Amino acid sequence: MKFKTAIKPYHAAAGGLGSLEATTRFVIDSKNALKNMRNLLRMNKARGFDCPGCAWGDDNKSTFSFCENGAKAVTWEATRRQIDATFFAQHSVTALNRQSDYFLEYQGRLTEPLRYNPQTDHYEPVSWDDALAIIGEHIKAMDNPNQLELYTSGRASNESSWLYQLFGRMVGTNNFPDCSNMCHEASGAGLKRSIGVGKGTIHLADFEKADAIFVFGQNPGTNHPRMLHSLRHAADRGARIVTFNTLRERGLERFADPQKPLEVVTPMAGTISSAYYQPNLGGDMAAVRGMAKALLETQRQRLANGEASIFDDAFIAQHTHGIDDWFAQIDATDWQTIEQQSGLKQQQLREAAAIWQNAKRVICTWAMGITQHKHSLDTVREITNLQLLGGHLGKPGAGLCPVRGHSNVQGNRTMGIDEKPPVALLDSLARHFNFEPLREHGHHTVEAISAMLRDEVKVLLALGGNLAAAAPDTPRTCEALRRCGLTVYISTKLNRSHLMPGKQSLILPTLGRTEEDMQASGRQFITVEDSFSMVHASEGIGKPLAATQRSETAIVAGIAHATLGSEKVDWLAMAGDYNLIRDHIAATIPGFQNFNVRCEEPGGFWLGNAAADLRFNTPSGKAEFSAAALPLSVCPETQAPFVLQTLRSHDQYNTTIYGLDDRYRGVYGQRDVLFMHPEDIRALGLNDGDRVDIETQSTDGVRRRVEAFRLVAYDIPRGNLAAYYPETNPLVPLTRFGDGTGTPTSKSIPVMITAAHVRENQRIA
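Quantities reported herein were computed from a predicted structural model and do not represent experimental measurements.

Enquirer: Summarise the overall build of the chain; cite the residues concerned and give the values.
Expert: In terms of regular secondary structure, the chain is built from 29 helices and 33 strands. Relative to the compact-globule value of 27 Å for 765 residues, the chain shows a C-alpha radius of gyration of 25 Å, a close match. Dimensions of the chain along its principal axes, counting C-alpha atoms only, are 80 × 65 × 55 Å. In the chain, the proportion of contacts linking residues at least 24 apart, taken out of those at least 6 apart, comes to 78%. For the chain, the accessible surface area stands at approximately 27,400 Å², while carbon and sulfur atoms represent 51% of it. Charge-centre separation for the chain: the mean point of 80 positive side chains lies 3 Å from the mean point of 84 negative side chains.

Encoded structure:
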């Protein structure tokens, strides 16, 4: 497929007319415009369906409760395009593997179960009964339960996720690798160590009350655009928005609300960030340490002068533990180290500290720019330290807010998708279902891939997702998938993982979030949990494309029945009536009492948060200050001249490529680009637009290289680079992951850059 390529700076604000035009274009291109306009009006509404995109909360006030990228997600899913047996008869797996990720998903919806034929290299139709029987036979033939890996995408509902984890634990494994292992694991683990709860502590309404909002390592304009409404409203009423982000991102600078006609048709726009700092990749912990050092110096000076404390001393004394050790660590960290590692000047960090000091209510929010480094867990805890210092916890307009990615990735973990399950969960399942679940920890994503490479995995079940494109070290991940005895993908559309079949492989077509789900007891709804621990009901309204598509919940129940039968659990009864599943969830998962009744609450219901109520499930019973030292290097054991982060384009959500434009960064019709500071380009003797090869500097003896990326001069600190994934996932070693998290270090890849020797006319768009 050919696309018109261009690099041209985007001067308009985020949102506005550009967002409206893009949304309209995607709705029309879906070949199902009227249906999708109706879908969008029902998205994030009572008796409607929850956005299949990001996990931002719903304000339940707006007429149109969707953003540009949410509209893309809906129209991409609710397309009339479909692929069937004829398509797969025409295209071998080898031929499809030469196509782009955009091409694969653009072909349309999967409509019938498929089985890979290694003799012909084609997928061929298979009946549902035969497909489920094949899965059951393979699982029952395993030597031990840990030869099963159960991967989960963050789009799976609470109902299907809970059923999935129950099935896995009744088989006898805790191998639940999932997408959260690759993104926000540091948020959950870090918060749990600091405050005893691995979730954010605020409500969406707290953005309306905060005096200052510190935004770390995230690009809301592309990744969760509805957040821009909250930030814009906060800025308009005088709150200070302080951004720490390595790249200069338009969505964090100016935003024109597409729902305000005057801002659509005029250049009017609101400023988002009142202060914008660009730290080095991995330098956020040093930046927060610098703020804390400035605050501690101010505090000591004020106390010496007989002035009032700038800290919340009463909160610290009553609710925290370990502050003296942290202060000692701050004193041991010199300004030169802070400036060198953060890439920011002391004066900049003092300015940011002054904003924090003068605010009575502070929110700190972050995303994967914080969580995909080797020292991410300590960075999350350093941010938490800052909030504890001011008592910014448990009061309106203040708190901690990790912004999750996929729409139910937080709910999946709540439902038990966890390779390190809490003892309380296992005890609850054991009592309720009268069986003894495995107590040993299972595999997270990187460990699961490593087990595949050791030929230890007989069956891989994937409840959504696209592991081949999402995971690091792409060639090794693809090899790992091919080594499995059986791979089973529950999917709405064709993706890269399907083209890495195991010795046997099945694709099972599932309904999407937008579609009506009819089961034996009638029309069903599912639930999801957003970043603010709000649980929402979601009910699809569109007619499925084919009778051979099944819901995720029905598919999981069918697999469980084919494997375990119905002696202990009536899986098929639950598939026929999701209320039965929710009754079991209410009996086994804290916070879900009267689940079915509470699903009727307008806007959903809040699960609660012990730390927000100042109850801390930590060894001391108090919030714990972390006294971790700064890392010696963000890329240990290397001396690479550049550090690379992988990121999304604007026409992308996770591994789903909606188009080849990145409007806000000025990139059109292409994805093989490398963002670099203009002076770094000149220092290499190159020019903006030249082609370069990128190679990882590693110590494991594996050469990781991608070729012929186009240089794009960009506002990014010197020595720092950025490029899109999954194209640059081959550069991320499986062997480099976060301490205490297992998350690949996709935001701090040490690389070398050399001029490429590929002529432009040799490239394929």
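Enquirer: Lay out helix H13 (residues 284–304) with the relevant residues and their values.
Expert: Its 21 residues give H13 an end-to-end C-alpha distance of 30 Å, which sits within 8% of 30 Å, the value for a rise of 1.5 Å per residue. Of the residues flanking the end of H13, it is Gly 306, one or two places downstream, whose phi is positive at about 75°.

Enquirer: Describe the environment of Lys 747, naming the residues involved and giving the relevant values.
Expert: Inspection of the secondary structure assignment puts Lys 747 in the loop between strand S32 (720–724) and strand S33 (749–755). With sequence-adjacent residues up to four places away left out, Lys 747 is seen in contact with Leu 281, Met 368, Gly 369, Gln 372, His 373, Val 643, Leu 644, Gln 645 and Thr 646. Within the structure, the side chain of Lys 747 is placed 2.7 Å from the side chain of Gln 372, a separation counted as a polar contact. Polar contacts involving the side chain of Lys 747 include one to the main-chain carbonyl oxygen of Thr 646, which spans 3.0 Å.

Enquirer: Describe the sheet that holds strand S10 (residues 254–256), and please don't skip the residues or the numbers.
Expert: What the 3 strands build is an open sheet, ordered S2-S10-S11; its pairing is mixed. On the outer flanks of this sheet lie strand S2 (14–15) and strand S11 (270–271), each paired with one strand and no other. By the bridge criterion, 2 bridges tie S2 to S10 in an arrangement that is parallel. Its bridge partner lying in S10, Ala 14 is registered against Phe 255. Contacts from helix H11 (residues 226–236) reach S2, S10 and S11 within the one sheet, and its direction differs from that of S10 by about 105°.

Enquirer: Explain the side chain of Arg 81 to me, using residue names and the numbers behind them.
Expert: Along the chain, Arg 81 turns up in the loop between helix H3 (68–77) and strand S3 (82–83). Overall, Arg 81 belongs to the buried group, its relative accessible area being 18%. One polar contact links Arg 81 to Tyr 106, side chain to side chain, over a distance of 2.7 Å.

Reading the values: the criteria
- Residues numbered from 1 in each chain as written.
- Predicted model: local features only at pLDDT ≥ 70, side-chain atom pairs only at ≥ 80, totals over all residues.
- Heavy atoms only, no water.
- Helix = DSSP H or I, 4+ residues; strand = E, 2+ residues; numbered from the N terminus.
- Rg over C-alpha atoms; globule rule 2.2 N^0.38 Å.
- Contact = heavy atoms within 4.5 Å.
- Areas by Shrake-Rupley, 256 points an atom, 1.4 Å probe, with all protein chains shown as cover.
- Lys, Arg positive; Asp, Glu negative; His and termini not counted.
- Charge placed at Lys NZ, Arg CZ, Asp CG, Glu CD.
- Expected span 1.5 Å × (residues − 1).
- Polar contact = N/O pair within 3.5 Å; in protein donor to acceptor, adjacent residues only side chain to side chain.
- Pairing = 2+ DSSP bridges.
- Axes fitted to C-alpha atoms, helices over the stretch in contact; angles between N-to-C directions.
- Buried < 20%, exposed > 50% of the residue type's maximum accessible area, 1.4 Å probe, protein only.

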